[in-house]
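# Architecture and fold: a report
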Amino acid sequence: MNETLKAARLDFSLLRPYWKTLCFVILMPVIYTGVARSLSAGISFEMCMLGITASYTFAISEKNGMERLYGVLPVARRHLVYGKYLLICATGLLALGISLVTHTAVLKALGETVHAWEIAASAVIGFFMYTFYVVFQLPGYYKFGAVGGKMFQFIPVTGYLLTLILLPRVDPNSPTLAAVLGRPGALAGAVLLCCAAAYGISIGVSVRIVKNKEM
Amino acid sequence: MDNVLEVRELSRSFPGFQLKDICFTLPKGYIMGLIGPNGSGKTTTIKLILNMLKRDGGEVKILGLDNIAEEKAAKAELAVVFDSNYFCEAWTAAQTETAVSAFYENWDTDRFHRLLERFHIDPAKKVKDLSRGMQMKLMLACAFSYGAKLLILDEPTSGLDPVSRDELLTILSGYIEDGEHSVLFSTHITGDLERAADYITYINRGSLFFTGGKDEFVDSFRIVKGGPEDLTEEIKERLIGLRMHPTGFEALVRTEELKKLKHMANQGCVKGSREAGDYGAWGSRTVENSDVSGGRAAENRIALGRETSETVRFPAHVSALGKPSALKKPSPVDSWTVEPATIDEIVVFTSKVSDDNGE
């Protein structure tokens, strides 16, 4: 098995005892979607909630003194970092997939119409927001630990609130916005490229921190 | 490969503490005790071996593999047990295997479950519900399940009850039985080493004090006890960790130094009385320093370094004061007693020297 996958599996086994909490985090925003009657609003909230859980593996390993286990395992430190990012990214995608289905179902049950483009847009927006919530958090946890870097947990909430504040200020009749939205494929591609770059930079910073860190 | 672990001139500085030039080798098939008082640098040494801390200088080879350049290969051959559990407390023993086993190509699941059975660990029991002794055994079960050639234990017995400590020592003895496995065992409970260790590496205040065979280590020192008036400044200088009591003193002395002390004693005797002779100056077990033959026997035992638990007595006043009158009326209180030292005593007395120097 690839070392990154082994590391991701190790981190997954840390989360396994907390699956009930994760299920709650994934399913609870459905209520918000029902109240707001908007898929993108619900998914955005969902990603914010999930972004907060990015600290879980750090907190669990810190609580159990597991840096000593990481220190004795025959695996390069950078692979431990890759594994964590892989798991967190995969968790985000899985949660996004589940949410798109459940939230759409809830909206339809409430008599709302949900278009395919709305689902696609919510997926891209959700992934974009989740990416930016985690890429700024993880290097902070690597540097300061889950307790020392607790302030990084506020990044998703801050990001979500900023979105709520700034979004209404965008002029819906703006020609720039119209031009951007007029090419949805290119927009989605650019967003995903941006996400990939953000992950790349964040991983690079985290690897650097971990390599210099003493256990 | 005769040595499973080679540490050469290992150094690391921290604010207020320096580990300097630590050198030792652990041959295949043996147990080495890494000893020293709290804060002496034992855990730092282990973390440097594991590349969990960055070294300032030196070299570490694990089974001939560099611990940094060939870290992955080296770590695949070693197992580590710390003083407390390092698995997720929410895992069961079985889940622990699932999480850890993927990292080891030689992992043997059947062996792991046999070990759990042998150690009376319920695979369905959560790590947090295991006692401290059981948690340590779980770490050992993992260590033994992939055939680690070198087992490093960092203070494994601290916090364990005597029964669990005894069990651990039995397990370790069994582990090295085939001559292919070795153990580096850091502890400040030196009583464990009297039973288990073949080699000793003693670190004090970040410096290597001794490394070598356990018997050699123990034979290198003697405990000397004497009356309050027996000491001269010259003798004091040769004693290690001198402790003064109202009734006398006790100190550690290097076995090789005993000869010099004897020489000093002889000098005092020659000044005082030629009749007592060289042997009389050194004394005897009968306390009567006129017993020349007894004196020679004692001298030979000391010179050859074969002293047993027998007490060797010699009057201190002859070495220290050299008064002829004192030779005629030796007081039992004023006689010196030379006894073999335990590892614990050696550590305690030599640490006292460091404390005194540090003041």
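Residues numbered from 1 in each chain as written. Chains lettered and ligands numbered in written order. Predicted model: local features only at pLDDT ≥ 70, side-chain atom pairs only at ≥ 80, totals over all residues. Heavy atoms only, no water.

### Concerning the overall build of chain B
Of regular secondary structure, chain B possesses 15 helices and 15 strands. For chain B, restricting intrachain contacts to residue pairs at least 6 apart in sequence, the fraction spanning at least 24 positions comes to 67%. A total of about 15,400 Å² of accessible surface is found on chain B, and carbon and sulfur atoms cover 47% of it. (Helix = DSSP H or I, 4+ residues; strand = E, 2+ residues; numbered from the N terminus. Contact = heavy atoms within 4.5 Å. Areas by Shrake-Rupley, 256 points an atom, 1.4 Å probe, with all protein chains shown as cover.)

### As for the layout of surface pockets
All names here are of chain A. Each pocket or cavity is described by its volume, and for the largest pocket that value is around 1,300 Å³. Lining the largest pocket are 33 residues, and of these A121, I125, L167, L181 and L187 lie nearest its centre. Broken down by secondary-structure element, the contributors of at least two residues to the lining of the largest pocket are α4 (39–52), α8 (116–148), α9 (154–166), α10 (175–181) and α11 (184–212). Per-element accounting of the lining of the largest pocket gives the leading share, 10 residues, to α8. Looking at the lining of the largest pocket residue by residue, the class counts come to 25 nonpolar, seven polar and one charged. Empty space within the second largest pocket amounts to approximately 490 Å³. (1 Å grid on protein atoms, 1.4 Å probe; cavity = no way out; pocket = protein on both sides within 12 Å on 5 of 7 lines; lining within 4 Å. Points joined across faces, edges and corners; volume = space filled by probe spheres on them. Nonpolar A, V, L, I, M, F, W, Y, C, P; charged D, E, K, R; others polar.)

### A word on the nonpolar core
Counting residues in hydrophobic clusters, the biggest one holds 101 residues, and the most contacted among them are B:L5, B:F87, B:W91, B:L140 and B:L151. It is helix α5 (residues 132–144) of chain B that contributes the most residues to this core, eight residues altogether. Dropping the residues within four chain positions of it, B:L5 is found in contact with B:F24, B:T25, B:L26, B:I49, B:V60, B:K61, B:I62, B:L150 and B:L184. Counting residues in hydrophobic clusters, the runner-up holds 39 residues, among them A:C48, A:L50, A:Y160 and A:I209. (Core = buried A, V, L, I, M, F, W, Y, C linked by side-chain atoms within 4.5 Å. Buried < 20%, exposed > 50% of the residue type's maximum accessible area, 1.4 Å probe, protein only.)

### Observations concerning the packing of helix α3 (residues 29–36) of chain A against helix α7 (residues 77–109) of chain A
Residue and element names in this part refer to chain A. With their axes 9 Å apart at the nearest point, α3 and α7 run at an angle of 35 degrees to one another. α7 is crossed by α3, and the crossing has right-handed handedness. In this structure, α3 uses P29, V30, T33 and G34 to contact α7, whose residues at the interface are T102, H103, V106 and L107. Its residues placed into classes, the contact of α3 with α7 shows four nonpolar, four polar and no charged. (Axes fitted to C-alpha atoms, helices over the stretch in contact; angles between N-to-C directions. Left-handed = near helix turned anticlockwise from the far one by under 90°.)

### Observations regarding the confidence of the model for chain B
Residues and elements named next belong to chain B. Model confidence for chain B is summarised by a mean pLDDT of 79, while 77% of its residues fall at 70 or above. The weakest mean pLDDT in chain B belongs to helix α11 (residues 277–282) at 34; the strongest belongs to strand β4 (residues 57–62) at 96. In the predicted structure, residues 269–334 sits below a pLDDT of 50 and forms 120 contacts with residues beyond four places in sequence or in another chain. With a pTM of 0.80, the predicted complex shows an ipTM of 0.84. (pLDDT = per-residue confidence, 0-100.)

### Some details on the pairing of strand β3 (residues 31–35) of chain B
Residue and element names in this part refer to chain B. Burial analysis of β3 places five of its five residues in the buried class, which makes it a mostly covered element. As judged from the five bridges shared by β3 and strand β8 (residues 182–187), these two strands associate in the parallel manner. Residue pairing across strands places G33 opposite F185, the latter belonging to β8. In this structure, β3 lies alongside strand β9 (residues 199–204), joined through four bridges in parallel fashion. Note on β9: the bridge partner recorded for M32 is Y199. (Pairing = 2+ DSSP bridges.)

### Here we look at the pattern of salt bridges
All names here are of chain B. What the rule picks out here adds up to 18 salt bridges over all chains. With a closest N to O distance of 2.4 Å, R8 and E6 form a salt bridge. K75 is the partner of E71 in a salt bridge, and the nearest nitrogen-oxygen pair spans 2.6 Å. In this pair, E71 and K75 both sit in helix α2 (residues 71–76), four residues apart, roughly one turn of the helix. The exposure classification of E71 matches that of K75, with both residues buried. Counted as one network, the salt bridges with shared partners bring together E6, R8, E59 and K61. (Salt bridge = Lys/Arg side-chain N within 4 Å of Asp/Glu carboxyl O.)

### Quick look at the pairing of strand β10 (residues 207–213) of chain B
Residues and elements named next belong to chain B. Note that β9 and β10 share six bridges and pair antiparallel. Paired with I203 across the two strands is L208, which belongs to β10. In this antiparallel pair of consecutive strands, β9 and β10, the connection spans two residues, and R205 shows a positive phi of 50 degrees.

### A short note on the side chain of B:E71
Residue classification places B:E71 among the buried residues on the basis of a relative accessible area of 18%. Here B:E71 is in contact with B:L50, B:N51 and B:D66, once residues within four sequence places are set aside.

### Brief notes about helix α4 (residues 109–118) of chain B
Residues and elements named next belong to chain B. For α4, the set of buried residues is F112, L115 and L116. Buried residues of α4, viewed axially, fall in a sector of 105 degrees; they line one side. For α4, exposure combined with an orientation more than 90 degrees from the buried face picks out D110, R114, E117 and R118. Buried residues in α4 make contact with α3 (93–101) and α5. The residue sitting at the N-terminus of α4 and contributing the capping side-chain oxygen is D108; that oxygen lies 3.1 Å from the backbone nitrogen of D110. Positive backbone phi, approximately 60 degrees, marks H120, located one or two places after α4. (Arc of directions from axis to C-beta. Polar contact = N/O pair within 3.5 Å; in protein donor to acceptor, adjacent residues only side chain to side chain.)

### Side note on the environment of B:I22
Residues and elements named next belong to chain B. For I22, the location among the structural elements is in strand β2 (residues 17–27). Residue I22 is classed as buried on the basis of its relative accessible area of 0%. Residues I22 and Y86 lie 64 residues apart in sequence; the distance between their C-alpha atoms is 27 Å. Ignoring sequence-local partners within four residues, the contact set of I22 consists of V7, R8, E9, L10, T45, I203, G206, S207 and L208.

### A closer look at the interface of chain A and chain B
The interface is formed by 26 residues belonging to chain A together with 28 residues belonging to chain B. Summing both sides of the interface, chain A and chain B together bury roughly 2,600 Å²; the carbon and sulfur share of this comes to 58%. The largest share of the area that chain A buries against chain B comes from A:R68, A:V72 and A:P74, three residues that together contribute 27% of it. At the surface where chain A touches chain B, the tally comes to three salt bridges. (Buried area = accessible area lost by both parts, 1.4 Å probe.)

### Some details on the side chain of A:E3
The topology assignment puts A:E3 in helix α1 (residues 3–15). Classification of A:E3 by relative accessible area gives buried; the value is 12%. At 2.5 Å, the side chain of A:E3 and the side chain of B:K72 are in polar contact. Beyond its immediate stretch of four places on either side in the chain, A:E3 contacts A:V75, A:A76, A:H79 and B:K72.

### Some points on the confidence of the model for chain A
Averaged over chain A, the pLDDT score is 91; the fraction of residues at 70 or greater is 100%. Model confidence for chain A, summarised as mean pLDDT per element, is weakest for α10(A) at 80 and strongest for α7(A) at 95.

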